[in-house]
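As a plain string of letters, each chain reads:
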Amino acid sequence: MMRRMNDFAALYPQHFETVKARHDRALAEAGYDHIIIFGGEIHIQFLDDTYYPFKVNPHFKSWVPVVDNPHCFIVYTPGQTPRLVYYQPVDYWYKPAGAPSGYWVDHFDVRVIGTAEAAREHFPKSGRTAFVGEPNELHSGEANPEPLLNALHFERSWKTDYEIACLTEANVRGVRGHRAAASSFRDGKSEFEIHIDYLLQSSQAEEELPYGNIIALNNNASVLHYLNHEREQPGDLRYSFLIDAGAQCNGYASDITRTYARDERGEFARLIEAMEAMQQRLCTMAKPGINYIDIHMAAHAGVAAILHDFGFVRELDADAIVEKRISSTFFPHGVGHFLGLQVHDVAGFHGNRAGCIIAKPEGHPYLRLTRIIDPRMVFTVEPGLYFIESLLADLQKSENAKYVNWTKVDDFRKFGGIRIEDDIVVTDDGHINLTRQAFAG
Ligand code: GLY
Ligand code: MN
Ligand code: MN
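From a predicted model like this one, the values you see are computed outputs, not experimental measurements.

Caption draft 1: Representation of the pairing of strand β7 (residues 214–217) in the model. Neither face of β7 is left uncovered, since the one carrying I214 and A216 and the one carrying I215 and L217 both have all their residues buried. The pairing of β7 with strand β8 (residues 240–245) spans four bridges and is classified as antiparallel. From the neighbouring strand, A216 faces β8, where its bridge partner is L242.

See below:
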């Protein structure tokens, strides 16, 4: 099942057939004759003439790895060759996209347009049409019908070999950046400098990242989505470094987190080791038939055991720490999510193609995946343990405060926290850890 990047051309035809078959079925069920998928447009800034970075519609990039050209469409009628309406204006202000080329092009009836309005000429003239994308004045048809989207999203849960190859390569690129970032941290660089080194070594411009880099020194690591990049940081006051950063390949994302201690012999380094061992145990649970909620609950049990073993929480055993919801103060997010065309990929709660929702367990509002796991599903496993001021303040006011060794907690606030995140693809009899494989390569 696993192949590498030079196989994209060999793997794409099967991917194309799968995407086509998924659309055939979803359109027939929802009663549409055609689908128009709009890649998206660029958005202008308020009272300005400069643009926000272009982010392509994931439905569009499920067909073609064109992620940087606005005003393009896929127009598909089951039984016919899909049309790619491709925007290539004559423009001396901005560089137009090059001619479409690559292993995927011959699968499409390509119609080049010079103006956004010209797209309409290539839309179906009769029949019932579904439009998928950001609503736009050019569109015709019913915009984003939910039954159709539910079916398409549900089917995206199972990745094709081509998609797995893209996700594999996205991990290789991300790991290049991670290696550089770890070495920049050891060299005493600031968050901003580490961020720049990550971009350079993973060969990505900032707007190409699948999500904003989280590059956090010291207690900044306690902010789960810390997106600032401080320029000035005194080199001798560095305790910890958390980096959550990914990469894209053909529109598919990796999502990787590592945490490092400045003092490799200190207790925080041992806490990272314990978290890493626990994260690896969670990864071994990834196999067909497992309920992802069980991985999330095992992460709570694991965090609770560490809180107990390191003496952050006294008197209670791990079960009681979870039962009293003390583990949620230190681990307040879900253990992971689907990964693919989107970092937080769709259908994490879908019980079926009609979109019935599998509920989150009570008390776990931020879990993003509640499904029974099958081969070809790709998700992250990312337990964390943090010292978050606001959540600790709530705990301190609660009746559970008496179980906490506050002196010890106070000693660890400066480290911010720990998260370790790998990307996992489930196989017929287990899983492959794409992130560890990339770090080992
Ligand atoms: N990088 C965002 C996440 O881990 O979900
Ligand atoms: Mn993640
Ligand atoms: Mn992440």
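Caption draft 2: Quick peek at helix α7 (residues 292–309). Its 18 residues give α7 an end-to-end C-alpha distance of 26 Å, which sits within 8% of 26 Å, the value for a rise of 1.5 Å per residue. Inspection of α7 places Y292, I293, I295, H296, A299, H300, G302, V303, A304, I306 and L307 among the buried residues, and these make up the whole buried set. Close packing links the buried residues of α7 with α6 (267–284), α8 (318–323), α9 (327–330), β12 (378–381) and β13 (384–386). At the N-terminal boundary of α7, the capping side chain belongs to N291, with an oxygen 3.0 Å from the backbone nitrogen of I293. Phi turns positive, to about 80°, at G311, one or two residues after α7.

Caption draft 3: Geometry of the sheet that holds strand β6 (residues 142–143). The sheet built from six strands is open, its strands ordered β4-β3-β2-β1-β5-β6 with mixed pairing. Each edge of the sheet is formed by a strand with only one pairing partner; in this case those strands are β4 (109–113) and β6. Both strand β3 (residues 83–87) and β4 contribute to a ladder of five bridges, which runs parallel. Looking across to β4, one finds that R83 is bridged to D109.

Caption draft 4: Structural detail: the coordination of the manganese ion (ligand 3). Protein coordination at the manganese ion (ligand 3): the donors are D244 (OD), D244 (OD), D255 (OD) and E421 (OE), at 2.1 to 2.3 Å from the metal. In this structure, the manganese ion (ligand 3) is surrounded by six donor atoms whose angles at the metal cover 57 to 170°, and the resulting shape is irregular. Sequence spacing of the donor residues for the manganese ion (ligand 3), all on one chain, is D-x10-D-x165-E. Classification of D244 by relative accessible area gives buried; the value is 5%.

Caption draft 5: Up close: the coordination of the manganese ion (ligand 2). Donor atoms from the polypeptide that coordinate the manganese ion (ligand 2) comprise D255 (OD), H337 (NE2), E382 (OE) and E421 (OE), at 2.0 to 2.2 Å from the metal. One can describe the site at the manganese ion (ligand 2) as irregular: its six donor atoms subtend angles covering 51 to 156° at the metal. In the primary sequence, the donor residues of the manganese ion (ligand 2) line up as D-x81-H-x44-E-x38-E. Taken as a pair, the manganese ion (ligand 2) and the manganese ion (ligand 3) show a spacing of 3.3 Å, with D255 coordinating each metal. Taken together, the residues D255 in the loop between β10 (252–253) and β11 (256–261) and E421 in the loop between β14 (417–419) and β15 (422–426) connect sequence positions 166 residues apart. Comparing D255 with E421 shows no difference in burial state: the two are buried.

Caption draft 6: Fine view of the nonpolar core. Formed by 58 residues in total, the largest nonpolar core has its most connected members in F60, W63, V64, F73, F108 and L148. Residue assignment for this core shows that the elements contributing at least two residues are α1 (8–30), β1 (34–38), β2 (73–76), β3, β5 (129–132), α3 (146–155), α4 (161–186) and β10. The dominant element in this core, judged by the number of residues it contributes, is α1, at eight residues. Excluding residues within four positions of it along the chain, F73 makes contact with I36, I37, F38, F60, R83, L84, V85, A119, F123 and F131. Counting residues in hydrophobic clusters, the runner-up holds 52 residues, among them C283, V303, V335 and V409.

Caption draft 7: Layout of the pattern of salt bridges. Enumeration according to the criterion identifies 21 salt bridges in this entry. Taking the shortest distance from any N to any O, the salt bridge between E389 and R413 comes out at 2.8 Å. Here R413 lies in the loop between α11 (406–412) and β14 and E389 lies in helix α10 (residues 389–397), a separation of 24 residues in the sequence. D410 is the salt-bridge partner of R413, the closest N and O atoms lying 2.8 Å from each other. Residues joined by salt bridges that share partners form a network here, namely R25, E29, E155 and R353.

Reading guide: rules and limits
- Residues numbered from 1 in each chain as written.
- Chains lettered and ligands numbered in written order.
- Predicted model: local features only at pLDDT ≥ 70, side-chain atom pairs only at ≥ 80, totals over all residues.
- Heavy atoms only, no water.
- Buried < 20%, exposed > 50% of the residue type's maximum accessible area, 1.4 Å probe, protein only.
- Helix = DSSP H or I, 4+ residues; strand = E, 2+ residues; numbered from the N terminus.
- Pairing = 2+ DSSP bridges.
- Expected span 1.5 Å × (residues − 1).
- Contact = heavy atoms within 4.5 Å.
- Polar contact = N/O pair within 3.5 Å; in protein donor to acceptor, adjacent residues only side chain to side chain.
- Donors = N, O, S within 2.8 Å, 3.2 Å for Na, K, Ca; no water.
- Tetrahedral: all angles 85-135°; square planar, octahedral: opposite > 155°, others 65-115°.
- Core = buried A, V, L, I, M, F, W, Y, C linked by side-chain atoms within 4.5 Å.
- Salt bridge = Lys/Arg side-chain N within 4 Å of Asp/Glu carboxyl O.

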